[in-house]
Amino acid sequence: MAEGGGGAAIDPLHHFELHPIVDIHLGGLDLSITQPVLWMMIASAVTFSVLTFVAMTLKKYPKGLQNLVEVIVNFLRKGLVIDVIGKEGIGWFPFVATLFLFVLSCNIMGLIPGSFTATSNINVTAGLAILVFFMVQGAGIRKYGFAGYFKAFIPSGIPSWILPIMVPIEIISLFAKPFSLAVRLFANMMAGHMVILVFLSMIILFKSIVITPLPLVGVIIMYAFEIFVALIQAYIFSVLTASYLSDALHMEH
Amino acid sequence: MFEAEPGLIIWTWLCFGALLGLLAKFAYKPIVAILDQRANDIREELQASDKTRKDAEDLLLKYQAKLDEGRADVQKMIEEGRSVGEKLKREIVEKADAESKALVKKAQEEIEREKKKALMALQEQVAELSVQVASKMIAETLRPMDHEKLIAGALAQVKEDYAKN
């Protein structure tokens, strides 16, 4: 992240370009390990290590890290899954909780200078959104059956002449959800980093000791704001997933 | 930056899937279990403390009832004691009164008896003295009229002495 320029041409977007660290090609598919892949792996490894360490050293009277993990897990289970989906949604707790922890750790890891924010790449957020989309459809189909689930998209008692308008709207809405999910996370994470990079570029661009404190203050404020954004975006991503799951599991409402 | 990278999407699924699988297997179960266990413990503790409080309240009520009962018994006993004491006091006083009356009566009778006895002894003595006086008078040749006068005088003297005593 801190590698925001240095040359004559300062391009903040340069930071977001992908460079293969390990080249892997399977058939026509490029499976190279790029910066987002590496940082996703690191984020996953850190999340797994912290949670597993806590799980293996659980004490009856929690303190320190166990307290923090318990608060997060309890919040995800009670505040996110049970409160949004309901008691029947408890089976979805691992999926929603992992989504939150994965997005949060990727967002937070991206704040380390020199790292890469995996969630600032549309392919990563799209991958997660596609996964959520299929999970939500799968949950609905499993509960109501294929025909029953898609029939529920057309509310009963609707005049038949509205159907040609209603059905496309429903289909668009169905795909708009994962699209908005992917774009929201990607745009938020990229925009925040872009602002920081722009501020940093200003320091290099102006090369003035008088002006430097201003973008520096901007960077500090944006950095603090980015921590908040990292948390809030992870929460929004998982709460919307829980909400879509709830909609799919309660079609009768 | 905006190009579709199927490889990256697959890596995202792989990373997410691996994390989900590992966390579900190693982390969530024990953490959720301890959270549930703690919630259960707290619920049980609360229920137990509610029960203990209820028991204590019941016990307090029972003890209060017993205390009231005991207090009433003590009051009753005091009342009984008081009435028995009163009765006993009355009896003692009555008995003492009767005894004192009997004693006084007995003393009076004794006095009367002694008085009579003394009178009789006095009369005997007077008679004896009278005989002696008479003997003396006779010895001095008294006339019958003087004899009677002397006896009457002596008797009168005795009566007077008796009255003084």
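Residues numbered from 1 in each chain as written. Chains lettered and ligands numbered in written order. Predicted model: local features only at pLDDT ≥ 70, side-chain atom pairs only at ≥ 80, totals over all residues.

1. Notes on the overall build of chain B
Moving on, step 1. Within chain B one finds 2 helices and 0 strands.
Moving on, step 2. Compactness check: chain B gives a C-alpha radius of gyration of 62 Å against a globular reference of 15 Å for 165 residues, more than 25% above the reference.
Moving on, step 3. When the 165 residues of chain B are sorted by exposure, 8% land in the buried category. (Helix = DSSP H or I, 4+ residues; strand = E, 2+ residues; numbered from the N terminus. Rg over C-alpha atoms; globule rule 2.2 N^0.38 Å. Buried ≥ 20, exposed ≤ 12 C-beta atoms within 10 Å, placed from the backbone.)

2. Digging into the overall build of chain A
Moving on, step 1. Helix and strand counts for chain A come out as 7 helices and 2 strands.
Moving on, step 2. Listed N to C, the secondary structure of chain A is β-β-α-α-α-α-α-α-α in terms of helices and strands.
Moving on, step 3. Over its C-alpha atoms, taken along the principal directions, chain A stretches across nearly 70 × 55 × 45 Å.
Moving on, step 4. Looking at chain A residue by residue over its 253 residues, the buried ones come to 36%.
Moving on, step 5. Long-range pairs, those at least 24 residues apart, make up 66% of the contacts in chain A with a sequence separation of at least 6. (Contact = placed C-beta atoms within 7 Å.)

3. Overview of the interface of chain B and chain A
A common way to express how large an interface is: the accessible area buried when the components associate.
Moving on, step 1. At the junction of the two partners, chain B supplies 28 residues and chain A supplies 38 residues.
Moving on, step 2. The residue inventory of the side of chain B that touches chain A, partitioned by class, reads 25 nonpolar, 2 polar and 1 charged. (Nonpolar A, V, L, I, M, F, W, Y, C, P; charged D, E, K, R; others polar.)

4. Concerning the confidence of the model for chain A
Moving on, step 1. Averaged over every residue, the pLDDT of chain A is 87; residues scoring 70 or more account for 94%.
Moving on, step 2. Confidence over residues 1-8 of chain A falls short of pLDDT 50; this stretch has 18 contacts with residues more than four positions distant or in other chains. (pLDDT = per-residue confidence, 0-100.)

5. With respect to helix α2 (residues 65-84) of chain A
Residues and elements named next belong to chain A.
Moving on, step 1. With 20 residues, α2 extends 27 Å between its outermost C-alpha atoms, agreeing within 8% with the 28 Å of an ideal straight helix rising 1.5 Å per residue.
Moving on, step 2. Along α2, the largest kink reaches about 25° and is centred on F75.
Moving on, step 3. Residues of α2 that are buried include every one of V69, V73, L76, R77, L80 and V81, and no others.
Moving on, step 4. One or two residues past the end of α2 sits G86, with phi positive at roughly 110°. (Expected span 1.5 Å × (residues − 1). Bend = angle between axes of the 7 residues up to and from the residue.)

6. Some points on the environment of M77 of chain B
Moving on, step 1. The topology assignment puts M77 of chain B in helix α1 (residues 6-139).
Moving on, step 2. Given 10 C-beta atoms within 10 Å, M77 of chain B falls into the exposed group.

7. Notes on the packing of helix α4 (residues 122-144) of chain A against helix α6 (residues 163-206) of chain A
In helix packing, the relevant descriptors are the interaxial angle and the interaxial distance, both defined with respect to the helix axes.
Residues and elements named next belong to chain A.
Moving on, step 1. With their axes 8 Å apart at the nearest point, α4 and α6 run at an angle of 150° to one another. Of the possible angle classes, the one that applies to α4 and α6 is roughly antiparallel. The chirality of how α4 crosses α6 is right-handed. Touching I122, T125, A126, A129, I130, V132 and F133 of α4 are P178, L181, A182, L185 and F186, all from α6.
Moving on, step 2. Broken down by class, the residue content of the contact of α4 with α6 amounts to 11 nonpolar, 1 polar and no charged. (Axes fitted to C-alpha atoms, helices over the stretch in contact; angles between N-to-C directions. Parallel < 35°, antiparallel > 145°, perpendicular 65-115°, else oblique. Left-handed = near helix turned anticlockwise from the far one by under 90°.)

8. Re the nonpolar core
Moving on, step 1. Among the nonpolar cores identified, the biggest contains 65 residues, and M40, V96, F100 and V103 of chain A are the most heavily contacted of them.
Moving on, step 2. Apart from residues no more than four positions distant in its own chain, M40 of chain A is found in contact with C106, A118 and V124 of chain A together with W11, T12 and C15 of chain B.
Moving on, step 3. Counting 5 residues, the second largest nonpolar core, distinct from the first, contains L197, F199, L200 and M222 of chain A. (Core = buried A, V, L, I, M, F, W, Y, C linked by C-beta atoms within 7 Å.)

9. Comments concerning the packing of α2 of chain A against helix α3 (residues 93-109) of chain A
All names here are of chain A.
Moving on, step 1. Viewed as axis vectors pointing N to C, α2 and α3 meet at an angle of 115°, and their least axial separation amounts to 10 Å. Our pair here, α2 against α3, has a crossing hand that is right-handed. Contact with α2, carried on its side by V73, L76, R77, L80 and V81, involves F93, V96, A97 and F100 of α3 and no other residues of that element.
Moving on, step 2. Classifying every residue of the contact of α2 with α3 by side-chain character gives 8 nonpolar, no polar and 1 charged.

10. Some remarks on the environment of Y149 of chain A
Moving on, step 1. Residue position: Y149 of chain A is located in helix α5 (residues 146-151).
Moving on, step 2. Separated by 100 residues in the primary sequence, Y149 of chain A and L249 of chain A place their C-alpha atoms 9.3 Å from one another.

11. Re the confidence of the model for chain B
Moving on, step 1. The predicted model of chain B averages 90 in pLDDT, with 95% of residues at 70 or higher.
Moving on, step 2. The complex model carries a pTM of 0.72, and its ipTM stands at 0.87.

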